[in-house]
Protein chains: 2
Amino acid sequence: MDKTKRGACAVIFISRRNANDPQGYAQASETMAAEAARQPGYLGMDSVRDADGEGITISFWQDEAAALAWRKHAEHSLIRDRGRSDWYDRYGVVVTRIERAYHWRR
Amino acid sequence: MDKTKRGACAVIFISRRNANDPQGYAQASETMAAEAARQPGYLGMDSVRDADGEGITISFWQDEAAALAWRKHAEHSLIRDRGRSDWYDRYGVVVTRIERAYHWRR
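Residues numbered from 1 in each chain as written. Chains lettered and ligands numbered in written order. Predicted model: local features only at pLDDT ≥ 70, side-chain atom pairs only at ≥ 80, totals over all residues. Heavy atoms only, no water.

By the naming in an unreviewed UniProt entry, chain A goes by Heme-degrading monooxygenase HmoA and is assigned to Sphingomonas vulcanisoli.

Below, the structure is given as structure tokens:
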């Protein structure tokens, strides 16, 4: 399954981590990535964070309904609350629809 | 201008840098970011690269035509060729249309 196929939903999460609770954050991040991958309509994920705490994660979904279901997922909602109370200085979520994509490899 | 407004175009660039030519790459990257910001329809950019060379850059455009014009920009095209010959192991470009967005700040 091509996660970047036309019509799929890409959710862009741009965030700034603070320095709090690195272990708790790392564990929650790993648990959420594994749980997301078990959801219906999940197509894949790419995630990068630099040494300053700036991060971008893209999750790919079959359609916007699948992305919305993940947003409403109970454990994910609890973890988001914890993100706001403990882990992030700011974040933005941008929900998009894929128009086209191309890939290059050496 | 809200770069994440509904209907705008977000171009996701996911790439893996090799270790070649860090100075040439850094200079080209800076020049291209400044040149992109001068293009009609440019709304903004977010970019993160981690210590392993994995990077995600999102550029935001008024519409897909503006993003396409930047793709065809002469200097940008030359730099892309150099990216393939020298700087990247792989990359993917995903062109999307923004459906909705929300932002949080502590």
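Once the structure has been displayed, the description carries forward.
Asks: Mind showing me how you'd approach the interface of chain B and chain A here?
Replies: Every contact between the two is made by 42 residues of chain B and, on the other side, 42 residues of chain A. Regarding the contact of chain B and chain A, the summed buried area is about 3,600 Å², with carbon and sulfur atoms giving 59% of it. Contact with chain A buries area across many residues of chain B, yet B:Arg100, B:Tyr102 and B:Trp104 alone supply 20% of it, more than any other trio. Between chain B and chain A we count four salt bridges in total. As a salt-bridge pair, A:Glu64 and B:Arg100 come within 2.7 Å of each other at their nearest N and O atoms. (Contact = heavy atoms within 4.5 Å. Buried area = accessible area lost by both parts, 1.4 Å probe. Salt bridge = Lys/Arg side-chain N within 4 Å of Asp/Glu carboxyl O.)

Asks: What's the story with the pairing of strand E1 (residues 9–17) of chain A in this structure? I'm lost.
Replies: Within a regular strand, the side chains alternate between the two sheet faces. All names here are of chain A. Within E1, seven of the nine residues are buried, which leaves it mostly tucked inside the rest of the structure. Examined bridge by bridge, E1 and strand E3 (residues 54–61) share eight bridges and lie antiparallel to one another. Bridging from a neighbouring strand, Phe13 pairs with Thr57 of E3. (Buried < 20%, exposed > 50% of the residue type's maximum accessible area, 1.4 Å probe, protein only. Helix = DSSP H or I, 4+ residues; strand = E, 2+ residues; numbered from the N terminus. Pairing = 2+ DSSP bridges.)

Asks: Can you help me understand the relation of the copies chain B and chain A in this one?
Replies: Mapping between the two copies of the chain is achieved by a rotation about an axis and a shift along the axis. Least-squares fitting of chain B to chain A yields an RMSD of 0.0 Å, with the transformation described by 0.0 Å of translation along the axis and a rotation of 180 degrees. The transformation relating the two chain copies, once decomposed into turn and shift, fits a two-fold axis. For chain B, the residue whose C-alpha comes nearest the rotation axis is B:Asp50, separated from it by 2.2 Å. Taken as a fraction of all interface residues of chain B, those also at the interface in chain A reach 100%, which identifies the copy contact as same-surface. (Least-squares fit on C-alpha atoms with pLDDT ≥ 70 in both.)

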